[in-house]
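# Survey of secondary and tertiary structure
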Amino acid sequence: MSRQGYSGVSSSVYYSTRLTGNGCSPAELTDVDIDNLRFELAKVEDEIQTLRQALLARETYAADIRRQLGMGPLSNIKQNLSKGWQEVQTSTPYVRTREGLSHAGHVTSAALSNVGVAITRRLGEMRALPLPSPPRHTIPVPSMRHSNTFKSLEEMVGNVKDKVTGSLSNNEDVSGFDRRTSRHST
């Protein structure tokens, strides 16, 4: 009988293949087969124990080297988490999700920008409208335009548009009024 890992084929592989290949059940084993299998099992379990001890010794040695390099347990955990995060970021599902969310963000930004521009234009048009007859407002339109509520609404719409489009420094007058002067005149 040869040991697995040294000659490449273990006798236990032979027994298990022979038993399953021939359709023999454990009840059909001879006493010699049973003794050989028990002996092989004891050898394999002994090898497993030896390998565990060798692995423990190597892990202890690696931990000692890390300690000498100033790499504590937390830095090892940090390194493992960093490596795991890098693997997640390069994984196909993550990349697809990131690209999908990015696309959705661009579409949403464009939609909100269009809404903001439309509202701003409409507010500009409202400023230019003559007072309807008979008046529908309890406050005269010129007074309403200069009210804090109207100015606040104008500023809020302008701020939303600027945040969505990122054009706070680009002070284009889309609506017919200059937000810079309306903000400072409050």
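To be clear, the structure that these remarks concern was listed above.
The text that follows walks through the structure, step by step, so that each part is easy to find. Bear in mind the structure is a predicted one, so any value in this text is a computation, not a measurement.

Next up on the list: the pattern of salt bridges. Under the counting rule described, the total for this entry stands at three salt bridges. The salt bridge partner of Arg-67 is Asp-64, with a shortest N-O separation of 2.4 Å. Linking Arg-67 with Asp-64, this pair stays in helix H2 (residues 31-68), spanning three residues, or about one helical turn. Ionic pairing is found between Glu-125 and Arg-122, a salt bridge with its closest N-O pair at 3.3 Å. Remark: Arg-122 and Glu-125 occur in helix H4 (residues 92-128); sequence separation between them is three residues, near one turn of the helix. Residue classification places Glu-125 among the partly exposed positions, given a relative accessible area of 45%. Take Arg-122: its relative accessible area is 43%, and that puts it in the partly exposed class.

Right, let's get into a nonpolar patch on the surface. Taken together, Tyr-61, Ile-65, Leu-69 and Met-71 make up a surface patch of nonpolar side chains, about 380 Å² in accessible area. Assignment of secondary structure puts Met-71 in the loop between H2 and helix H3 (73-90).

Relative to the assigned elements, Ser-109 resides in helix H4. When the C-alpha atoms of Ser-109 and Lys-161 are compared, they prove to be 9.5 Å apart, with 52 residues separating the residues in sequence.

Reading guide: rules and limits
Residues numbered from 1 in each chain as written. Predicted model: local features only at pLDDT ≥ 70, side-chain atom pairs only at ≥ 80, totals over all residues. Heavy atoms only, no water. Salt bridge = Lys/Arg side-chain N within 4 Å of Asp/Glu carboxyl O. Helix = DSSP H or I, 4+ residues; strand = E, 2+ residues; numbered from the N terminus. Buried < 20%, exposed > 50% of the residue type's maximum accessible area, 1.4 Å probe, protein only. Patch = residues over 30% accessible without salt bridge, like charges linked within 9 Å, V, L, I, M, F, W, Y side chains within 5 Å. Areas by Shrake-Rupley, 256 points an atom, 1.4 Å probe, with all protein chains shown as cover.

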